[in-house]
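# What the coordinates show
Below are the chains, spelled out letter by letter.
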Amino acid sequence: MGTGGGLVKYNGAEFITYTVSDGLINNTVRAILKDNEILWVGTNNGLSQFNGKTFRNYTFNDGLGKGTIWCISRFQGYLWFGTSEGGLSRFDGKRFITYTTQDGLPNNYIYSLLSDDKYLWIGTSGGGLSRFDGKNFMNYGEKEGFYGKTVRALLKQGSILWVGTRDRGLFKFENNEFINYFPEDDIYCAALGKDLWFGTIGDGIIRHKDNFKRYDIQNGLIANNIYSILIDKENSVWLTTNNGISKILSDKFLNYLENKIVMSIYDYKNAIWFGTYQDGLIKFDTDFITYTTKNGLSSNQIWDLAEFKDKLYIATFEGLNSFDGKRFEKYTQKDGLISNAVVDILSTENFLWLATAQGISKFDGKKFINYTTKNGLVNNYVRYIYQDGNKIWFATEGGASCFDGKKFKNYTTNEGLSNNRVNTIFRDRKGILWLGTNLGINKFDGKNFTIYTTKNGLSDNNIVSVIEYDGNLWLGTDKGLNIFDGEKVIKVYNQKKGLVGDETCTPNSLYLDIQRNIWFGITKGVIKYIPQNDIPNKVPPPVYIEKFLVNNSPIEQSENLKFKYNQNNIDFFYIGLSFKDEQDVRYQYRLEGYDKDWSKITEKREIRYTNLNNGHYTFKITARNGDGYWSKTPAQLYFTILPPFWETWWFIGVSIIGLLVLVVAGYRYRVNKIKREKKILEEIIRERTRELEEKSKLLNELAITDELTKIYNRRFFMETLNQEIRKMIRRKHPDSLALIILDIDHFKRFNDKYGHRTGDYILTSMVKILKNRIRSNDTLARYGGEEFSVILPSTDLKGAQTLAEDLRQSVKNTSFQFDDQLFKITISLGIGIVRSPRFFHERLIDNLIKAADDALYEAKNSGRNQVCFREIIYEEIEI
């Protein structure tokens, strides 16, 4: 890759950069051509020739044309270079010959070159298009029907020449006739694979197959300025841009509704319908039609969709809506609905089942029948409903409930479920029931649960949606889509694997339409997966041994490597080149002469062998791409470790005679020596163990303790607050949690007046007062400077206010004496409190701290030496 920072080599795992410090003539690389085993590199200041190890450079002084080298081509056995000032340069391996406007070129600024069997085609800046047969130039302009002045891209497709210009878009030249496309576009580059690709400046990339199709940042490109295109052996399309590199893998994913949060998908009356989080109901057949509260919806926040008695029913947080294609009808608590917050719908033959935040409603089209924990439901916050034959399953915040029409049977962690927060339920074609929780996927055989988590290859443990396709489960998680065969994950789709969205690409909902396309809604739109376009990569990855170390020193690879007996620590570094799915490349290796069989499949790219015995060895390595295709032949390296001289036959004979003479005396000496050494060693070990225990204890204290006050530091405070909130949420009936943040009034002026020694004394003395007032299960920490924090688990507002007032009075009534001086101080306190949250969210911690901080700020603005409070409304946190 040519960059503004040098020449970059990429092997699928790491980038290696070559710059002027390595011998490159200039760090701004404009053109690259591989010619046999030589790499030619055009830069802003001349030409570099690279053999993989060293550079040889050429400039104007060597006869090369002046200026930037924009392009390189081979034509009629010569290398040709297009320059920005000196026209066209030809190189025969020894010297350069230059062609300029004096020889017939239309302009000396050359942007692009393309060679075919007959001609060298030349794109210039300001002079349009030119053709060279080795002797004469033929120039094309308005007279010939070509209106472009600056030609940046040239591409040959059979007998057709494609010409990309900066000022008049794209031209197709066939049968001596030019046809113009996209006259407003700036075409910068082009490439030919199975399709034609044209890169533009500012308008993304254009693909031509049967027609033209454009891709830009809305489709997942990293930027819209495309500077070069490469189509590799695996048919991946690589694009360099002004903001990095994009790689187009295939058309298996199509993206719609950019930046809309899609919560539900449903196939109704020959159209796909999408329920969004805040943008209403969207219908899609050939176009998108949006319905909102302006059209009669109760709310634009839609959670689920289902068809019942020929109507589309919509679950919102403001009640249930039905839609007959013309108008919306609303149902709320006034009509008998148990709660207006409807989060899921299940349509059965006779009833519509509704999951809400306060229980279940069953609807026959006229009236509602409601069920709660009073009827046996495990928890009233129901997240999902699933029909399983004659039974109905409910996924709730407190476990799963199965309803047979008369009574509920409940399943929680007590029965072996991985976690009580159940998000989804599904029975596959084999009859196995699966329950997705926020701690993995659970397989249920009717008696026992088997739990699968990230340890089994899941990209994340929070399972939010499940469907089945071609015998595999498709699991939507917080970190992408997992294809699961019932025992292990066989593939993960996320942002790096072609999905458009944020880094997590969480599929909020999964839906299989009647054409067997898979739809999944994410936080940035909806994605349609087209299975027939998911073509496996059948190109086996070539594998190379990149580096070979002996006793940590690099060794040049050759056919007859021999090492001394003590050169027996060997490192192999290898790489399999598969650029379609770099992260999915796996390896197997074997050291013949040492390993009995091939290794287990691994993702590691290096292996070390230590203390190898003398002998003959052959290291072999093979690689597999993400679709299971292995290298055709393994890479291998043969080497020999020679025996030490004392293992030769002549030395062994002499040694046996000497050893027989010394054996008796040596035996006694050796035994005594071993005893002495053992005693010394045991004493050293005991002493060292004591030292390590003392150091470990000291380091643990330092890591969580404030050095001055000897109470917990801010790091420990943040970890404890996180744990206490999670602990609170896991309870069946979450209570309140309070946080106090306090600081010393006017402490900076106090420090400036009396000095930091006095200030430190005040801090440590005040901490003693605080520690004597709080409970044993409360956590006191130094929040920073003169600020302190107290975490109060299971504490309501009244309890927090009582403690805060006690702390304020105790500090106010205490006289602090230091260096024969008496001091009085006051403190201001802010209380943040959260009551009974349903979910954990990172923003819950931030908002609790902010609430206490804002309350402290109010106390200070109101005159200090006060207690103020802020209470978090949970609905603000859940979003």
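Residues numbered from 1 in each chain as written. Predicted model: local features only at pLDDT ≥ 70, side-chain atom pairs only at ≥ 80, totals over all residues. Heavy atoms only, no water.

## Overview of the sheet that holds strand β62 (residues 635-641)
If you trace the four strands from one edge of the open sheet to the other, you get β57-β62-β61-β59, paired in mixed fashion. Every other strand in the sheet has two partners, leaving β57 (561-563) and β59 (586-592) as the edge strands with one partner each. Averaged over all neighbouring strand pairs, the angle between strand axes comes to 25°, with direction disregarded. In this sheet, β62 lies alongside β57 in parallel orientation, the contact comprising three bridges. Its bridge partner lying in β62, Leu 561 is registered against Phe 639. (Pairing = 2+ DSSP bridges. Helix = DSSP H or I, 4+ residues; strand = E, 2+ residues; numbered from the N terminus. Axes fitted to C-alpha atoms, helices over the stretch in contact; angles between N-to-C directions.)

## Remarks on unusual backbone geometry
Its identity as a non-glycine residue notwithstanding, Asp 310 has a phi of 70°, on the positive side. Here Asp 310 lies in the loop between β32 (302-308) and β33 (311-316). Accessibility expressed as a relative area gives 48% for Asp 310, which makes it partly exposed. At Asn 865, a position not held by glycine, the phi torsion is positive, near 55°. Here Asn 865 is to be found in the loop between α6 (842-861) and β69 (867-872). (Buried < 20%, exposed > 50% of the residue type's maximum accessible area, 1.4 Å probe, protein only.)

## Topic: the packing of helix α3 (residues 747-754) against helix α4 (residues 756-773)
Put simply, α3 and α4 touch, their axes get as near as 7 Å, and they point 135° apart. When the axes of α3 and α4 are compared, the pair comes out oblique. Across from Phe 747, Phe 750, Asn 751 and Tyr 754 in α3, the residues of α4 making contact are His 756, Thr 758, Gly 759, Ile 762 and Leu 763. For the contact of α3 with α4, the residue count by class is five nonpolar, four polar and no charged. (Parallel < 35°, antiparallel > 145°, perpendicular 65-115°, else oblique. Contact = heavy atoms within 4.5 Å. Nonpolar A, V, L, I, M, F, W, Y, C, P; charged D, E, K, R; others polar.)

## Describing α4
Taking 1.5 Å of rise per residue, 18 residues should cover 26 Å, and α4 covers 26 Å from first to last C-alpha, within 8% of that figure. Within the span of α4, buried status applies to Thr 758, Gly 759, Ile 762, Leu 763, Ser 765, Met 766, Val 767, Ile 769 and Leu 770. (Expected span 1.5 Å × (residues − 1).)

## Comments concerning the environment of Val 262
Locating Val 262 in the fold gives a position in strand β28 (residues 262-267). Put simply, Val 262 and Pro 634 are 372 residues apart on the chain and 47 Å apart in space, counted from C-alpha to C-alpha.

## Quick look at the side chain of Ser 599
Within the fold, Ser 599 resides in the loop between β59 and β60 (606-609). For Ser 599, a relative accessible area of 13% puts it in the buried group.

## Quick notes on the confidence of the model for the protein chain
Note: predicted coordinates in regions of low pLDDT should not be interpreted at a detailed level. Averaged over every residue, the pLDDT of the protein chain is 88; the share at 70 or more is 93%. Counted against residues more than four places away or in other chains, residues 500-505, with its pLDDT under 50, gives 24 contacts. Contacts of residues 875-879 to residues separated by more than four positions or lying in other chains number 14 contacts, the stretch itself having pLDDT below 50. (pLDDT = per-residue confidence, 0-100.)

## Thoughts on the nonpolar core
Ranked by size, the top nonpolar core spans 31 residues in total, and within it Ile 740, Leu 742, Ile 744, Ile 762, Met 766, Leu 780 and Phe 788 carry the most contacts. Secondary-structure elements contributing two or more residues to this core are β63 (736-744), α3, α4, β65 (787-793), α5 (797-812), β66 (816-818) and β68 (827-835). At six residues, the largest contribution of residues to this core is made by α4. For Ile 762, the residues in contact, after removing those within four places along its chain, are Ile 744, Phe 747, Phe 750, Phe 816, Phe 823 and Ile 825. (Core = buried A, V, L, I, M, F, W, Y, C linked by side-chain atoms within 4.5 Å.)

## Some thoughts on the packing of α4 against α5
The interhelical angle for the contact between α4 and α5, taken along N-to-C directions, is 145°, at an axis separation of 10 Å. When the axes of α4 and α5 are compared, the crossing they make is right-handed. Where α4 approaches α5, its residues Met 766, Ile 769, Leu 770 and Arg 773 are matched on the opposing element by Leu 803, Asp 806, Leu 807, Ser 810 and Val 811. Along the lines of polarity and charge, the residues of the contact of α4 with α5 split into six nonpolar, one polar and two charged. (Left-handed = near helix turned anticlockwise from the far one by under 90°.)

## Some details on the sheet that holds strand β41 (residues 391-396)
If you trace the four strands from one edge of the open sheet to the other, you get β40-β41-β42-β43, paired in antiparallel fashion. In the strand order of this sheet, the two ends are held by β40 (382-388) and β43 (408-411), each with one partner. When the angles between neighbouring strand axes are averaged without regard to direction, this sheet yields 20°. Strand direction decides the pairing type here: β40 and β41, joined by six bridges, are antiparallel. Across the sheet, the residue bridging to Tyr 384 is Ala 395, located in β41.

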